[in-house]
Amino acid sequence: MTAELEYPEWMTVEPEEVGRTLAEKIYSTEPVITPDMTTRIGLSLTRRFPFLWRRMTEGTVKNSE
């Protein structure tokens, strides 16, 4: 998901790790916390317009290098 955004490698996660984590959550019996409406809107926008996410997080990435 972040390949086109050119984030530093330490800020990304391998797809296999994402898959393992998702599988653990799917088979877990623990309660699930769902995001509120504002967070869902934000996530939806970043999926549709990744350049917006890049622009919003640019300062964080630059400061961490």
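Details of the structure are given in the entry above.
Student: Which parts of the structure should I look at to understand the overall build of the chain?
Tutor: A tally of helices and strands in the chain yields three helices and zero strands. The proportion of buried residues among the 65 residues of the chain is 9%. Summed over all atoms, the accessible surface of the chain reaches about 6200 Å², with 59% contributed by carbon and sulfur.

Student: Help me understand the packing of aromatic side chains, please; the structure alone is not making it clear to me.
Tutor: Each aromatic ring pair is described using two quantities: the centre-to-centre distance and the angle formed by the ring planes. All chains considered together, the criterion is met by one aromatic pair. Each ring, one from Phe 49 and one from Phe 51, has its centre 6.1 Å from the other, and the planes form 75 degrees; the classification is edge-to-face.

The rules we used
- Residues numbered from 1 in each chain as written.
- Predicted model: local features only at pLDDT ≥ 70, side-chain atom pairs only at ≥ 80, totals over all residues.
- Heavy atoms only, no water.
- Helix = DSSP H or I, 4+ residues; strand = E, 2+ residues; numbered from the N terminus.
- Buried < 20%, exposed > 50% of the residue type's maximum accessible area, 1.4 Å probe, protein only.
- Areas by Shrake-Rupley, 256 points an atom, 1.4 Å probe, with all protein chains shown as cover.
- Phe/Tyr/Trp six-rings, centres within 6.5 Å; stacked < 30°, edge-to-face > 60°.

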